[in-house]
Amino acid sequence: MRVALFVTCINDLLHPRTGQAVVALLERLGVEVGFPDGQSCCGQPQFNTGYRHATEPLVRRFDRVFRDFDHVVTPSGSCAAMVRDNYPRIGAKAAAEGRGRELADAAAAAVPKTYELTEFLVDVLKVEDVGAYYPHTVTYHPTCHGLRMLGLGDRPRRLLERVRGLELRELPGAEECCGFGGTFAVKNAAVSAAMGADKVRNVVATGAEALCTVDNSCLLHLGTTLTRQGAAVRPVHIAEILASTEGRVW
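The rules behind the values
Residues numbered from 1 in each chain as written. Predicted model: local features only at pLDDT ≥ 70, side-chain atom pairs only at ≥ 80, totals over all residues. Heavy atoms only, no water. Phe/Tyr/Trp six-rings, centres within 6.5 Å; stacked < 30°, edge-to-face > 60°. Helix = DSSP H or I, 4+ residues; strand = E, 2+ residues; numbered from the N terminus. Buried < 20%, exposed > 50% of the residue type's maximum accessible area, 1.4 Å probe, protein only. Core = buried A, V, L, I, M, F, W, Y, C linked by side-chain atoms within 4.5 Å. Domains from an automatic or database assignment. Contact = heavy atoms within 4.5 Å.

- The chain is annotated in an unreviewed UniProt entry as (Fe-S)-binding protein of Streptomyces sioyaensis.

### Points about the packing of aromatic side chains
Okay, step 1: With the rule as written, the count across this model stands at five aromatic pairs.
Okay, step 2: When the centroid spacing of 5.7 Å and the interplanar angle of 70° are considered together, the rings of Phe6 and Phe66 count as edge-to-face. Remark: Phe66 occurs in helix H4 (residues 52–66) and Phe6 occurs in the loop between strand S1 (3–5) and helix H1 (9–14); sequence separation between them is 60 residues. One exposure class covers both Phe6 and Phe66, and it is buried.

### Here's the deal with the nonpolar core
Okay, step 1: Counting residues in each nonpolar core, the largest one holds 39 residues, and the members touching the most others are Leu26, Leu121 and Ile241.
Okay, step 2: For this core, the elements supplying multiple residues, two or more each, are S1, helix H2 (16–28), helix H5 (77–96), helix H7 (117–124), strand S5 (137–140), helix H9 (155–161), strand S7 (210–213) and helix H13 (238–243).
Okay, step 3: In terms of residue count, H13 provides more of this core than any other element does, five residues in total.
Okay, step 4: When residues of this core are assigned to domains, at least three map to each of domain 1 (3–124) and domain 2 (137–243).
Okay, step 5: Residues contacting Leu26, with those up to four places away along its chain left out, are Val31, Val33, Val73, Leu117, Phe120, Leu121 and Leu125.
Okay, step 6: By size, the runner-up hydrophobic cluster in this structure holds 20 residues, among which are Val59, Val65, Cys79 and Tyr87.

Right, dumping it as structure tokens:
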């Protein structure tokens with residue numbers, strides 16, 4: 001099994017420890033992980049802002065860079081959803097415009113082998129107890145892309161529930177959006193901030209030490225709001241929890 005880490009832009013630039021945690025976790029489970037240097041942005045910012053044609057070279061790049069791998073694993077529900085849900089749309093549009101099947105074929109190759117991390121653990125490796133140890137109280141926020149586009153369901157929770165030392169606390173209004181939404185937070189800053197404040201109010205009410213999600217983009221938004229409010233809640237990606245052991249906490 002040849003597995004590639006698709007680290008994504010936000011993790012590469014702002015949260016590199018998350019990518020390192022993914023590698024540590026997968027290698028502990030016996031997976032050999034590759035990291036192709038040619039990987040780049042999935043194209044989500046361009047596509048979501050209406051620049052479909054500007055996204056097309058990134059679809060081609062994704063296909064080219066990850067072509068020789070059996071699976072592509074990413075610690076981002078958002079970017080996994082971009083590949084799985086929007087790449088086929090881009091390919092179909094190009095074909096309908098009479099520009100051939102190249103993009104549609106690239107999407108068809110990428111979609112079935114691209115997994116968000118918790119999907120890969122539960123569905124491909126068939127593991128829920130990853131041998132993690134994280135002695136903290138944690139509340140889990142199911143991000144919009146993971147919940148609605150990927151249909152992650154209870155996979156992240158099942159993994160968290162099997163972490164030794166971890167106490168999982170229910171988050172009120174868990175399925176409500178945190179307000180980030182990529183460019184939404186820029187174009188509708190006041191609404192985004194209000195949604196983030198609502199979510200943080202519920203997070204703090206749990207009394208948890210840590211807030212966990214499958215997307216660092218959402219954690220960036222919520223973590224900033226938590227800091228501004230002076231809340232002592234640590235934002236942490238699920239990969240960093242699952243990679244933690246008694247010998248090392250990420």
